[in-house]
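# Results of the structural survey
Residue strings, one per chain:
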Amino acid sequence: MRLTFTQLDMAIAAIRTILPLESPADSLLRVFFRNHPMAGQNDRAAVAEIVYGILRHRFFLEYLAEKATPRALLLAYLVKFEGLNLRELTTFISESEAKWLAHIKAINLGSQPLAIQAEFPDWLMEKLQKFLSDTEILRLGQALQQPAPLDLRVNTLLAKRHEVLTLLNQEGIKAHATPYSPIGIRLSGKPAINQDPLFLSGKIEVQDESSQILGYLLAPRRGEMVVDFCAGAGGKALMLGALMHSQGRIYAFDISEKRLNNLKPRLKRSGLSNLHPQRINNENDIRLKRLYGKIDRVLVDVPCSGLGTLRRNPDLKWRQTPQSIGELKRKQAAILSSAANLLKPGGRLVYATCSLLPEENQDIVKHFLSDNPHFAQLNCASLLAQQKIPLDTGEYLQLSPALHQTDGFFAAALEREN
Ligand SMILES: C[S@@+](CC[C@H](N)C(=O)[O-])C[C@H]1O[C@@H](n2cnc3c(N)ncnc32)[C@H](O)[C@@H]1O
């Protein structure tokens, strides 16, 4: 990483603004850049990389810096994680900083306590230790400290994967097929894909491979009635529409008008005509009643702690607390129970989270099944095998950045029997 003085100063200002983490880091960074309109494309990329790098390695960096000032965190990060040598920083640092940096260069991360090596706060360590060994926690923590690759989904309504791969390679963008999703592409590096003609013409969408696998678990067919209960900006609903060849009907529900508005330009690009976004007041919205017992497939991608996405959102481990997770669990159970009312007998429901914690995953599903004996659990590995996806994580789908190079994802597939 080669940095200018301006970028170093701007990075310090950005860290000062973002680290209190009063809002999500990505929105704080957006506001920061809005307030620094003179920053060019390269400056923004460098500052964002530094801020996210510091968020990923914050525990170790705070341990290294006696006083965790934005400047100390920046310098420690550049030396320990970006491999900058002191010569490259001489004009920027004082003599005492140079001495301190020379000292910390020799400190080995491997000799630190597990929580620091894995970069997990104490409350999360406590939860993880209930179901993972120390070795598994370390592997998970290390995988979550790596930046996520950029995954694309080919919109099969408009293009084929091999054609898109050829076109990307012709543009000089290094890309290869994802190992599990038959319509996924993984890019090397982070090209500005949202300016690419393939993106602008709706042939590709940005979507992590783990999220694409969910679409294959739900496996909606042409002509069916489908609900994406927590559709957000529609990442998964758009894929469902393409799997259905734009035939049948998908309702994309969400309580957030803003998120559904973000779906609109994507929907326009996608060429789909079977997707209907609709804001609901809450999971018990009276307007849902007319659909009770009528829907073939329901996706319930509930709000969750997001701990499986720490590669992209490293700030979540400081923004979540045991209390916030307690509230999420109540919401998840309520949403699952209401969404299940929509299903017709023989219909399929997929409950999904991007959390790693059994309390937001298996526990919610088990509780639902014990309250609803007319629902049965389907085996996710068999459902994926039917779709020719050789991905066997047992009866639940459990994807991990350490094992599958995807975000951490959980899903259970349920069928209404009568
Ligand atoms: C994990 S996100 C969904 C992401 C989305 N499926 C996608 O692929 O982009 C969870 C969503 O649930 C929505 N939500 C929260 N409470 C809800 C409720 N009671 N009913 C429906 N949606 C809700 C949130 O606004 C958020 O967009």
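Here is what the cut-offs are and how they apply
- Residues numbered from 1 in each chain as written.
- Predicted model: local features only at pLDDT ≥ 70, side-chain atom pairs only at ≥ 80, totals over all residues.
- Helix = DSSP H or I, 4+ residues; strand = E, 2+ residues; numbered from the N terminus.
- Rg over C-alpha atoms; globule rule 2.2 N^0.38 Å.
- Buried ≥ 20, exposed ≤ 12 C-beta atoms within 10 Å, placed from the backbone.
- UniProt positions renumbered as here; feature names shortened; annotations may be inferred.
- Axes fitted to C-alpha atoms, helices over the stretch in contact; angles between N-to-C directions.
- Parallel < 35°, antiparallel > 145°, perpendicular 65-115°, else oblique.
- Left-handed = near helix turned anticlockwise from the far one by under 90°.
- Contact = placed C-beta atoms within 7 Å.
- Nonpolar A, V, L, I, M, F, W, Y, C, P; charged D, E, K, R; others polar.
- Core = buried A, V, L, I, M, F, W, Y, C linked by C-beta atoms within 7 Å.
- Near = placed C-beta within 6 Å.
- pLDDT = per-residue confidence, 0-100.
- Domains from an automatic or database assignment.

### Comments concerning the overall build of the protein
Per the secondary structure count, the protein includes 20 helices and 12 strands. Relative to the globule expectation of 22 Å for 418 residues, the C-alpha radius of gyration of the protein, 23 Å, shows essentially globular dimensions. By principal-axis analysis of the C-alpha atoms, the protein measures approximately 75 × 50 × 40 Å. Looking at the protein as a whole, 41% of its 418 residues are labelled buried.

### Quick look at the UniProt feature "binding site: S-adenosyl-L-methionine" (unreviewed entry) in the protein
Under the UniProt annotation, the feature "binding site: S-adenosyl-L-methionine" (unreviewed entry) is placed at Asp254 and Asp301. The greatest C-alpha distance among the residues just named is 10.5 Å, despite their covering 48 residues of sequence, which places them together in space. By secondary structure assignment, the location of aspartate 254 is in strand E6 (residues 249-254). You can call aspartate 254 buried: it has 22 C-beta atoms within 10 Å.

### Concerning the packing of helix H1 (residues 5-18) against helix H2 (residues 25-34)
Between H1 and H2, the shortest axis-to-axis distance is 10 Å and the interhelical angle comes to 130°. Here H1 lies oblique to H2, going by the angle between them. H2 is crossed by H1, and the crossing has right-handed handedness. Together, Ala14, Thr17 and Ile18 of H1 and Ala25, Leu28, Leu29 and Phe32 of H2 make up the contact between the two elements. Taken together, the residues that form the contact of H1 with H2 break down as 6 nonpolar, 1 polar and no charged.

### With respect to helix H5 (residues 70-80)
In terms of burial, H5 is a largely internal element, 8 of the 11 residues being buried. Those residues of H5 lying buried are Ala72, Leu73, Leu74, Leu75, Ala76, Tyr77, Leu78 and Val79.

### Digging into the nonpolar core
Of all hydrophobic cores here, the largest spans 60 residues; its most connected members are Leu217, Val298, Val300, Val350, Tyr351 and Ala411. Listed in part, the 27 residues of the second largest apolar core include Ala11, Ala25, Leu55 and Leu73.

### Topic: the site of the ligand
Every one of the 19 residues lining the ligand counts as a neighbour, but Cys230, Gly232, Gly235, Ser256 and Asp301 are closest to it. Listed by contribution, the elements that provide at least two residues to the shell around the ligand are helix H14 (235-243) and E6. Residues of the shell around the ligand, tallied by class, amount to 9 nonpolar, 5 polar and 5 charged.

### Quick word on unusual backbone geometry
If you check the backbone angles, glutamate 119 has positive phi at about 60° while not being a glycine. Tracing the backbone through its elements, the reader meets glutamate 119 in the loop between helix H8 (114-118) and helix H9 (122-128). Positive phi outside glycine occurs at lysine 388, with the angle close to 65°.

### Comments concerning the confidence of the model for the protein
Per-residue confidence for the protein averages 96 on the pLDDT scale, and 100% of its residues sit at or above 70. The ipTM for the predicted assembly is 0.98, set against a pTM of 0.95.

### So, the domain arrangement of the protein
Split by domain assignment, the protein resolves into domain 1 (5-112) and domain 2 (209-416). Taking only C-alpha atoms into account, the centre of domain 1 sits 37 Å from that of domain 2. Listed by partner, the interface residues are 6 residues for domain 1 and 4 residues for domain 2. Looking at the side of domain 1 that touches domain 2 element by element, the count peaks at 3 residues for helix H3 (residues 41-56). When the residues that make up the side of domain 1 that touches domain 2 are grouped by side-chain class, the tally is 5 nonpolar, no polar and 1 charged.

### Observations concerning the environment of proline 345
Following the sequence through the fold, proline 345 ends up in strand E9 (residues 343-353). Distance in space between the C-alpha atoms of proline 345 and isoleucine 295 is 9.0 Å, their sequence separation being 50 residues. Setting aside residues up to four positions removed in sequence, proline 345 forms contacts with Arg416, Glu417 and Asn418.

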